[in-house]
Amino acid sequence: MTIQVTGKNVDAGDAYKTYVADKIRTILQKYIARDIAGHIRLEKERGVFKTSCSVRLGSGLLLEAHGEGGDAYASADDAVEKLEKRVRRYKSRIKDHAAARSNGGRKGNIDARDYVVSGGDDEVEHRVEDHPLIIAETERRIEELTVGEAVMQLDLSEAPFMIFRNAGHGDLNVVYRRPDGHIGWIDAAPKPAAVVNGVQVSKVR
């Protein structure tokens, strides 16, 4: 179990590092397993301390939580509490996901690249043949998941959306957070209708 703790605009002292890392380890050993790699970042912005936790499980699932507080320890407690709620909510399904991976898992994952491009006026100035200026580039894996697994993965993280390959038909799908608190699902499969939870749903054109 490897957990890295760093600070941004603030010194994450040894006492804080030990405090938050021990709390994360305790939760994950209690509910899941020890095969993890995590990064915890402490930062201070306008007098508010913020702790961001990002933990990658051996199964590939990403757990995320963000906490705030008047001091570093309060922000850590807030983040850890949110992380524990998410892990506890999906405990059995996380283990099922890990078991499926250990038994060979699915083979339909897609390796992709995630680009950050300039926007606004900079995009106009640096546009070459209608291609915007690329600021950053990272590797991303688009996993083959069921819709339920994709919703779980999104709910375990703090990402606004997630692209996945639908295990049911192989096409790319998107799940995203709606303003009303629910999770939306975009299915690109060329079908006139779909059955969701036993209910036939016609596609909106």
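Residues numbered from 1 in each chain as written. Predicted model: local features only at pLDDT ≥ 70, side-chain atom pairs only at ≥ 80, totals over all residues. Heavy atoms only, no water.

Draft legend 1. Quick look at the packing of aromatic side chains. Throughout the structure, instances matching the rule amount to 2 aromatic pairs. Between Tyr-16 and Tyr-73 the ring centres are 6.1 Å apart and the planes differ by 70 degrees, which places this aromatic pair in the edge-to-face class. Here Tyr-16 is found in helix 1 (residues 14-31), whereas its partner Tyr-73 is found in helix 2 (residues 72-89), with 57 residues between them in sequence. With relative accessibility at 4%, the residue Tyr-16 sits in the buried group. On the accessibility criterion, Tyr-73 (35% relative accessible area) is partly exposed. Ring geometry for Tyr-19 versus Tyr-73: centroids 5.0 Å apart, planes at 80 degrees, classification edge-to-face. Of this pair, Tyr-19 sits in helix 1 while Tyr-73 sits in helix 2, and the two are 54 residues apart along the sequence. Given the relative accessible area of 28%, Tyr-19 is considered partly exposed. Taken together, the ring pairs connect Tyr-16, Tyr-19 and Tyr-73 into an aromatic cluster. (Phe/Tyr/Trp six-rings, centres within 6.5 Å; stacked < 30°, edge-to-face > 60°. Helix = DSSP H or I, 4+ residues; strand = E, 2+ residues; numbered from the N terminus. Buried < 20%, exposed > 50% of the residue type's maximum accessible area, 1.4 Å probe, protein only.)

Any functional reading would require information that these geometric values do not contain.
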